[in-house]
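Working through the structure, step by step
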Amino acid sequence: MSRSAVGDPGVPAASRAAERFSLLCAAVVRRLPFGLAGIVAPTFLGFALINGFTFGVDLALLTLLRGGLGLPVALAVSLAYAVAFGLAFVLNRVLNFRSHAPVGGQAVRYAVVVGINYAAFILGVGAGLTALGVDYHLSRLLAGGCEGLFMYCALRWVVFSDRGS
């Protein structure tokens, strides 16, 4: 889609929004210092923006469900986590990776990736480092960094590869 299509009323709103998001990410990446523009993909920046936003949604929902509605912690965390990951899937599919492949196969691959992510990084790295004596805050930050890299790679090359399934 060309720059002129961004404002074209004949182009669906989702396509226009995706094009604007793509152009914004590409423009920011082009301005990165220290040669990072040649290393950082615009989709990585898009992933960071979307997932940072959905992490905020996760925390807001957790606060509402636990603090506002008084749900048990495990239920509140699980519901907020599920909504945030669902929203991240949709936003990454539409805005960031701009996938047109059938959604069914992508949703299945995404669910598997999220399950692996949870077991390997949230439980494995995070809880493992804590068990080894690392402060749980630092453990969660380190696990979060690993999780982010894993999720980006999985989304880019597995979930939204548009290989047709």
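Here the structure is shown first, and the text comes after it.
Read on for a plain summary of the structure. (Residues numbered from 1 in each chain as written. Predicted model: local features only at pLDDT ≥ 70, side-chain atom pairs only at ≥ 80, totals over all residues. Heavy atoms only, no water.)

Observations concerning the overall build of the protein
Summing up its helical and strand segments, the protein has five helices and zero strands in all. Secondary structure elements in the protein, listed N-terminal to C-terminal, are α-α-α-α-α. Each principal axis of the C-alpha distribution contributes one length, and for the protein these read about 55 × 40 × 30 Å. Scored against the burial criterion, the 165 residues of the protein give a buried share of 31%. If you take every contact in the protein between residues at least 6 apart in sequence, the share linking residues at least 24 apart comes to 59%. Carbon and sulfur atoms make up 73% of the accessible area of the protein, which amounts to about 9,300 Å² in all. Each charge class in the protein was averaged separately, 12 positive and 6 negative side chains, and the resulting centres sit 6 Å apart. (Helix = DSSP H or I, 4+ residues; strand = E, 2+ residues; numbered from the N terminus. Buried < 20%, exposed > 50% of the residue type's maximum accessible area, 1.4 Å probe, protein only. Contact = heavy atoms within 4.5 Å. Areas by Shrake-Rupley, 256 points an atom, 1.4 Å probe, with all protein chains shown as cover. Lys, Arg positive; Asp, Glu negative; His and termini not counted. Charge placed at Lys NZ, Arg CZ, Asp CG, Glu CD.)

Digging into the state of the cysteines
Tallied over the entire structure, the rule returns zero disulfides. Cysteine 146 takes part in no disulfide bond, and the closest cysteine sulfur to it belongs to cysteine 153, at a distance of 12 Å. Residue classification places cysteine 146 among the partly exposed residues on the basis of a relative accessible area of 34%. (Disulfide = S-S within 2.5 Å.)

A look at the packing of helix α1 (residues 13-30) against helix α2 (residues 42-68)
Remark: α1 packs on α2, axes separated minimally by 8 Å, with the N-to-C direction vectors making an angle of 110 degrees. Compared by their axis directions, α1 and α2 come out roughly perpendicular. Handedness of the α1/α2 crossing: right-handed. Contacts between α1 and α2 involve Phe21, Cys25, Ala26, Val28 and Val29 from the former and Pro42, Leu45, Gly46, Leu49 and Ile50 from the latter. (Axes fitted to C-alpha atoms, helices over the stretch in contact; angles between N-to-C directions. Parallel < 35°, antiparallel > 145°, perpendicular 65-115°, else oblique. Left-handed = near helix turned anticlockwise from the far one by under 90°.)

Observations regarding the environment of glycine 124
Checked against the element boundaries, glycine 124 lands in helix α4 (residues 103-131). By relative accessible area, glycine 124 is classed as partly exposed at 39%. For glycine 124 and alanine 143, which are 19 residues apart along the polypeptide, the C-alpha to C-alpha distance reads 8.5 Å. Setting aside residues no more than four positions away along its own chain, glycine 124 makes contact with Ala119 and Leu129.

Digging into the packing of aromatic side chains
This structure, assessed with the given rule, holds eleven aromatic pairs. Plain terms: the ring middles of phenylalanine 89 and phenylalanine 160 are 5.5 Å apart, the flat faces sit at 35 degrees to each other, and that makes the pair tilted. Of the two residues, phenylalanine 89 sits in helix α3 (residues 73-96) while phenylalanine 160 sits in the segment after α5 (136-159), which places them 71 residues apart along the sequence. When the ring of phenylalanine 97 is compared with that of tyrosine 152, the centres are 6.2 Å apart and the planes differ by 35 degrees; the resulting orientation is tilted. Taken together, the residues span a long stretch of sequence, with phenylalanine 97 in the loop between α3 and α4 and tyrosine 152 in helix α5 at a distance of 55 residues. In this structure tyrosine 152 comes out as buried when scored by relative accessible area, which is 5%. Through a chain of ring-to-ring contacts, the aromatic side chains of Phe44, Phe47, Tyr81, Phe85, Phe89, Phe97, Tyr110, Tyr118, Tyr152, Trp157 and Phe160 assemble into a single cluster. (Phe/Tyr/Trp six-rings, centres within 6.5 Å; stacked < 30°, edge-to-face > 60°.)

Focus: a nonpolar patch on the surface
Together, Phe34, Leu36 and Ile39 make up a nonpolar patch on the protein surface, roughly 390 Å² of accessible area in all. Mapping isoleucine 39 onto the fold places it in the loop between α1 and α2. (Patch = residues over 30% accessible without salt bridge, like charges linked within 9 Å, V, L, I, M, F, W, Y side chains within 5 Å. Salt bridge = Lys/Arg side-chain N within 4 Å of Asp/Glu carboxyl O.)

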